[in-house]
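# Overview (structure and organization)
Okay, here's what each chain looks like letter by letter:
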Amino acid sequence: CNHFFGFSSLLSFFLHYLCFTPLCCAPPKAGVDRRMRYFLARAAIQRQWALRLHPSRSFGTVTIHDASVTIPENNKPFRVPQLKYLMDTQVVLQQLRWMMQKDSMGQDIFLMGPPGPLRRWLALRYCQLVNKEVEFLSISRDTTEADIKVRREISRGNVLWINQPSVNAAVNGSILLLEGIEKAERNVLPVLNNLLENREMALDDGRFLMHPARYDELREKYGQEQMDKMGFMRVSPDFRVIALGLPVPLYTGTPLDPPLRSRFQCLAVTPLSTAELLTRLKGAAPSVPFETIKSLIGFMEALREVDTAMSDQDSARMFVDLTELEAIKWACMLQQFPKMPPASALVHVYPFPLICREDERKAKVFKDVLSKFTFASAEGVQKYDFNGGPQNGYHTESVTVRADRTAEVTMISTAGDGSKITVTVPSGSTPHSAGIPTTSTLVVDDQLEGAAHQKFSSQPYLAEVLDAMIMDHVMGHHICLVSENGNGKTSLVHQFARLLGYHHDVHTVHLYADMSTRDLLQRRVTQENGDTIWELTPLMSAALHGGIAVLDGVDKLKPGHISFLQRLLIDGEMALFDGTMFKSEAEFEILKQKMKCTDEELNSHKVFKVHRSFRVIALASSQEDLKWLQHEAQCLFSYLYIRPLEDADLQAVITAVYPAITDEDRKHLMSFVTALRIASGTESTLHRLSLRQVLRVARHLANYPGEVREHIARCMLVAFMPAFQQQKIVKVMAQAKLPGLPESETVVHAGGRGGAAGKPEAATSLAKSFFSKIFSRDMKVEFWDRKGSDGAVMRTVKIGDVEVTLPRADMEDPAAHTLVPSVLFYDNAQHTRDLRDLLKAYKTGDHLLMVGNQGVGKNKLADRLLQLLCMPRQYIQLHRDTTVQALTVTPSVVGGVVHWEDSPLVKAVKKGHVLVVDEVDKAPLEVVGVLKGLVEDKWMILADGRRIVGSVGNREPDSRTIVMHPRFRLFALSNRPGYPFLGNDFFATCGDLFSCHAIDNPDVGSIRQVLRSYGPNVPTPTIDFMINAFTRLGQLVEQGVLSYPYSLREMVNVVKHLQKYPSDGLELALSNVFNFDVHDRNSYSVIASLFKEYGVDLANAPKVLQKLDLRAEFSDSVNPPAPSGELKHGKEDPENTPHVGGNQWAGGTGGTDTAGLGGRIGPYRLDAGHQVHQVSDEDKANVPEEIKAKARAMGKEALSKRLSEINMSKHEDSLYMKFYNDVSQQITIIKEMLKGLQSKSQERTWLRNQTDGVWDENKLIEGLTGEKAIFKRRGEDPNAEGWHGEHKKKRLFFVLDVSASMYRFNGMDGRLDRTAEVAVMIMEAFHGFEDKLFYRITGHSGDEVEIPLVESTKPPSNKNERLKVIYQMYAHAQYCWTGDNTVRAMQRAIDTITKDEGSEYFVFVISDANFQRYGMRPAGLSRVMQSKPNVKAYLIFIASMWNEAQAFVSQLPAGHSFTCLDTKQLPSILKQIFISEGIVK
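Note that the structure is predicted; figures quoted are calculated from it, not measured.

Now for the overall build of the protein. Tallying secondary structure elements over the protein gives 62 helices and 51 strands in all. By residue count, 56% of the 1481 residues in the protein fall in the buried class. A fraction of 71% describes how many contacts in the protein between residues 6 or more apart in sequence connect residues 24 or more apart.

Here we come to the sheet that holds strand E4 (residues 109-112). A sheet is described by the order of its strands in space; here five strands give the open sequence E5-E8-E12-E4-E13, paired in parallel fashion. Of all strands in the sheet, those with a lone pairing partner are strand E5 (134-138) and strand E13 (265-268), marking the two edges. Averaged over all adjacent pairs, the angle separating strand axes in this sheet is 20°, with direction ignored. Sheet topology note: the strand E8 (residues 175-179)/strand E12 (residues 240-245) ladder contains five bridges and is parallel. In the strand pairing of E12, Leu177 is matched with Ile242. Against the sheet, helix H4 (residues 118-129) touches E4, E5, E8, E12 and E13, its axis set at about 160° to E12. Relative to E5, helix H6 (residues 165-172) is tilted by about 160°, and along the sheet it contacts E5 and E8.

This brings us to the sheet that holds strand E18 (residues 479-483). The strands making up a sheet associate through hydrogen bonds between their backbones, and the pairing can be parallel or antiparallel. Ordered in space as E19-E22-E26-E18-E27, the five strands form an open sheet in which the pairing is parallel. The open sheet has two edge strands with one neighbour each: strand E19 (506-510) and strand E27 (638-642). Strand-to-strand, the axes of this sheet are offset by a mean angle of 20°, without reference to chain direction. Sheet analysis places strand E22 (residues 548-552) next to strand E26 (residues 615-621), joined by five bridges and oriented parallel. Bridged to Ile548 within E26 is Arg615. Packed onto the sheet, helix H22 (residues 538-545) meets E19, E22 and E26 and runs at close to 160° relative to E19.

Turning next to the packing of helix H13 (residues 324-336) against helix H14 (residues 342-349). Geometrically, a packed helix pair is captured by the angle between its two axes and the distance between the axes. Closest axis-to-axis distance for the H13/H14 pair is 9 Å, and the angle between their directions is 135°. The angle between H13 and H14 places the two elements in the oblique class. As for the relative orientation of H13 and H14, their crossing is right-handed in sense. Contact residues: H13 offers Glu326, Lys329, Trp330, Met333 and Leu334, while H14 offers Pro342, Ala345, Leu346, His348 and Val349. Each residue belonging to the contact of H13 with H14 can be placed in one class, and the counts come to seven nonpolar, one polar and two charged.

We now examine the pairing of E13. Along E13, the buried face is formed by Gln265 and Leu267; none of Cys266 and Ala268, which line the opposite face, is buried. In this sheet, E13 lies alongside E4 in parallel orientation, the contact comprising four bridges. The residue of E13 that forms the bridge with Met112 is Ala268.

Attention now goes to the confidence of the model for the protein. Here the protein averages 79 in pLDDT, and 80% of its residues register 70 or above. Looking at the elements of the protein, mean pLDDT is at its lowest for helix H18 (residues 446-449), recorded as 34, and at its highest for E4, recorded as 96. Here residues 1279-1286 is a poorly scored stretch, pLDDT under 50, and it has 16 contacts once near neighbours within four places are set aside; other chains count.

With that settled, the discussion passes to the environment of Asn198. Checked against the element boundaries, Asn198 lands in helix H7 (residues 193-198). Taking relative accessible area as the criterion, Asn198 reaches 34% and is therefore assigned partly exposed. In this structure, the C-alpha to C-alpha distance between Asn198 and Met210, residues 12 residues apart in sequence, is 8.3 Å.

This paragraph deals with the packing of aromatic side chains. This structure, assessed with the given rule, holds 23 aromatic pairs. An angle of 70° between the planes, with centres 5.5 Å apart, marks the rings of Phe1025 and Tyr1094 as edge-to-face. In this pair, Phe1025 sits in helix H43 (residues 1020-1039) while Tyr1094 sits in the loop between helix H46 (1081-1093) and helix H47 (1100-1108), placing the two residues 69 residues apart along the sequence. With relative accessibility at 10%, the residue Phe1025 sits in the buried group. One aromatic cluster is present, built from ring pairs that chain together Phe1025, Phe1030, Tyr1044, Tyr1046, Phe1074, Phe1091 and Tyr1094. Positioned over the ring face of Tyr461 is Arg643, at 3.8 Å from the centre of the ring. Residue placement shows Lys1218 over the ring face of Phe1219; its charged tip is 5.5 Å from the ring centre.

Moving on to the pattern of salt bridges. Tallied over the entire structure, the rule returns 66 salt bridges. Note that Asp205 and Arg207 form a salt bridge whose closest N and O atoms lie 2.5 Å from each other. Look at Asp205 and you get partly exposed, because its relative accessible area is 24%. Glu936 is paired through a salt bridge with Arg692; the nearest N and O atoms lie 2.6 Å apart. One end of the pair, Glu936, is in helix H40 (residues 931-937); the other, Arg692, is in helix H29 (residues 691-703), and 244 residues separate them in sequence. Through salt bridges that share partners, Glu707, Arg714, Asp801, Arg833, Arg836, Asp837 and Lys840 make up one connected network.

A word on the state of the cysteines. Per the stated rule, a full pass over the model turns up zero disulfides. For Cys996, which is in no disulfide, the shortest distance to another cysteine sulfur is to Cys715 and amounts to 6.6 Å. Here Cys996 falls in the buried class, since its relative accessible area comes to 3%.

Let's shift gears to helix H8 (residues 212-222). For H8, every residue scored as buried is listed here: Pro212, Tyr215 and Leu218. All buried residues of H8 fall inside an arc of 130° around its axis, so they share one side. Of the exposed residues in H8, those oriented more than 90 degrees away from the buried face are Glu217, Glu220 and Lys221. Next to the buried residues of H8 lie strand E10 (208-210), helix H9 (224-229) and strand E11 (232-234).

Conventions and cut-offs
Residues numbered from 1 in each chain as written. Predicted model: local features only at pLDDT ≥ 70, side-chain atom pairs only at ≥ 80, totals over all residues. Heavy atoms only, no water. Helix = DSSP H or I, 4+ residues; strand = E, 2+ residues; numbered from the N terminus. Buried < 20%, exposed > 50% of the residue type's maximum accessible area, 1.4 Å probe, protein only. Contact = heavy atoms within 4.5 Å. Pairing = 2+ DSSP bridges. Axes fitted to C-alpha atoms, helices over the stretch in contact; angles between N-to-C directions. Parallel < 35°, antiparallel > 145°, perpendicular 65-115°, else oblique. Left-handed = near helix turned anticlockwise from the far one by under 90°. Nonpolar A, V, L, I, M, F, W, Y, C, P; charged D, E, K, R; others polar. pLDDT = per-residue confidence, 0-100. Phe/Tyr/Trp six-rings, centres within 6.5 Å; stacked < 30°, edge-to-face > 60°. Lys NZ or Arg CZ within 6 Å of the ring centre and 35° of its normal. Salt bridge = Lys/Arg side-chain N within 4 Å of Asp/Glu carboxyl O. Disulfide = S-S within 2.5 Å. Arc of directions from axis to C-beta.

Set out below in structure tokens:
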């Protein structure tokens, strides 16, 4: 047992024993111990509770059987619950009786139970029963001490202390209701411990809450006036605390702190009994067949039992709870819509296809259980996946919105019987009448859509989703739309808003990870005089005025944040931070009658009504992790999944929205969409195009026909995909028969199946050539000005066949002229083509995203385009610490008042400038994700409360509304995703919102033009040499031999140096670029070898510098003593102080006789981590030969000693190093990539509510009021483990061929040697990263299916252990019997790897492809490779029989099988797969 049962627990036990045991059982017999007496009493209570109990009121008390509580009088009925949330069933009465017992004993209560509103409803029912006022405090990770005790406010220049719920409840004798205990950060709630235990609490303003008995005693002694002066406040004896919590770790959250737990008495709130639930469901839905209701209850019980049986005792539940609330919502939906299939209604309230989508085992179990119950069998459970429509049973025939904000909705049955349902529902503020025929197309106007050039076409499937949304609206449900990015969620929301009259009442809130729970409800601001006030957020404004609150990105919020809204979304009420209370309409009307007051009078008490028309529509991405869809979030919404459109529907949308597109382009586009959809079904690294992407391509084709391949490649950013993924796209394009590509067979054998002639670089070049830009070198850039008819100056820019004319914005405002870029730009053919493509996208109204390596000219191109257009530029550069607030407005404090300065973004939106967002990949994705609202929806909420909108129609905008200028554009600049840039993948998150352009190094001719412009005096042979050498470097980068992507910028810098200092020579100019690589021996040796082929020795460059600086260097150099001949290790310095130029200390530099670096002579090298002071070569040369010989001997002796420590001989060491050296470059690159990923994953997060650090811009006003916890600082999130648990690791399984043929043919092609090198590469590269991934290596031969070589639990840690693995491989290959077990070994690996939990599973099999001899067929091998969808299997053939291998490859899954004729390429192929699959990036 983990909980320490202390004195508080024992005292509570005895109190209950003394008070209630005599009422429940007879005195025990002698000899029965006290523990047995207690349990006998409990048994008697249970028997007693079986009787029918009735609450009765008399003489100011309420009694349930033997428990009574006095009913107090209060003058604040608006703080007493007025609605009866629960029926007084026997179970509820038993629970209320227990609470009365605890209340009468003065004990605080903890209601523990499963997620949902049942615990809260029970607490509110008790408060209503005993007429107790309630102070509600919702707990979240953002809750601070100020939220619990007192908060500072500024009024008329003075600081006021405002009591918070705990203080108000303690003083007024109310019930403090704490909901969400498990969500609090550690060490926050313990501030309540003394209040709970002793009814005492010290407040920050100097006041002190005191126990009533002690207070009364002191008041008798000192008098009331003196007590007030001393700041003592009396805690009411009626004060109680009711806490609501979930059991952790059964559910997600922070475990309960033992000292806090010991101060409560706990009641386990269990779900309603079967009989009670049956009664409630039958009462809520009398028309629903009794058997159907009974079947659902049976299903709930079965699912709960299966969940309990299959889940570990202390681990999280397997399934999200299906609670009574969902059951009641299901029954009411069937009552309202009798023709609706019951299983379809279940999907609305319990979205099991989403809950089970990533776990096949869970999905199978769920469907097996569901199919056994009659309410689901009629529809067939297997239908409920992502391939069908909502199956509503009804279609919306018409909607009429009236001026009184009600709408009449008529729905007709789809069963063909002509039955209709007409119902009056709440609506928006814009009256209209609209029919919705089933077959016709309804197009939403651009302005109502809120997205430029993005019309929406309602096809049959989307119409079904819209019908489902309307049905949920009829039921009063809030809605959550889930789909892949860009599949029409926002469009459906606008369509829904238009139909129900809400299109002027939509309040969009773009959510992000750093958003606090307070940001959802209220924001704190200062008035002009410095007073602090609270303002409603768009969500609460929608609740007040009856609008739709669109919560865009609920999947991005921190865990538990969305459940903070549970009380608002389920109960229709909310307590805000400033004391404002929102009440449901029903409760508000009861209060008006009871208090005999008007709406305005209730509002004066800060009590407001939640408008009946208020609805919340949440939007979530199904591409993200669905962990947010947990137990508490699941009950908030009715969930609708929007699958991608089928091909026929998509084609109809394209035709309806862009009728100008040619039939040929439409055919090619749809062919590619279809081929990609089929390929993505079996290939996880391929993703189908979203609706947004397809429409973007269609729009460009409508304006510029005949460029299908180019537009698709640009939309998917194919140019920067990993090489093998490029090949998969090439194959899909070939299958779609896109113009400009070779035949499909050519692609299959050349590039689509793992490499031409087994060489990855050949396949990469082939794939890249398919996407290379074809352009005319005669294309010109032209521009001119002319005056328009209204006298305005118009600028026309023409590049090739693209021409744009627009007003000169720089002449409209004198200050704007200074913002037009003036850039030094040398025209060249490729950059001219890039400018043409950018201008084309600009003309069609797109925002632009330019992606590329560093130094390829992204900024130059952006500035050049704006220079040509004479468009003013606003510039902002993002970084790791960029916040959403910093992106929009910058706060400052002047005279005690917070002022907000517009950021470049807001200025560009206001004035119609172009916003250039540089390094957009460096900012957190949740920050740049808010750009979606700006780019697509033309809507953004600023930190100061203002909002940006695309249009206000015919209305005048108010002072807090910024209307977006029609000329506003956004240019985003990003480095390419993946290694070595280590930025965030902005393209994957927001790429489909932009017209994407891959900016790469120019072609040879263009580079020559640029270099000649920068270096007119540099000899032509030198420029040609530069182009050839750097082209070769680029090829080595593509092959993975080098990691740094050398660009045009490096070439320009070398040429500029030679232009100004020609006498320095080429070697010295090049050293300015390559000195970064000097300390990377592997990379520098490759670079130096490449340049030596051209006759350039990079080693000469340091010598030139040395001669120039010789005097300066040695004037301040070390002067080591002469060699003594007594070489030694040297003394170890425990403080590791740098030692220079001596002969005493080990690890020194520039010394003599001891082990170190840079010295004259020593026994061996020893690096202590200090700056190296290097003696001259002349000093080293003067060391006598006998001392050199002695040093060599000591070095060998030290080596032998080290090898003996790891049980390795000198010969074995050299043998191992032979394998190592052949793959050292690949090892270095993979290690660097893994280090980058590790550093990125270990990047610290912002810890908020700190007492030191940097001032949190979200806490500016708290700082003005004097609060302490207003800072933020970087650090490890202490709550990460409690919320997310341990991060799962990738699991990799390598199956290596060690059969007899490997040994037999090793002398011919070195296949066994190469396989051994692969093993060395894996073991060396993954060493040190065991916290990120598990890997296992086995072998297979004619004798064995599985030969253990490396176990994931104990990978080899040194050379000796790794060499033993190699010895095993050679021994098995030498002595095994002939035969081949490749297929069985792969099946074994696939079956074995999933037995342990991991984030992803990969199996890599290497074989020598001698299948025909052993009767193996491609079809069987393909089935094995695809036998488990969650395992990605790869097969690499070391092909001694090329034709046989190629024949196999052509029939195996695309992109998962490779032929390797040259075994030297085997490590490179494996590394490319690692990159393609994201194992390394």
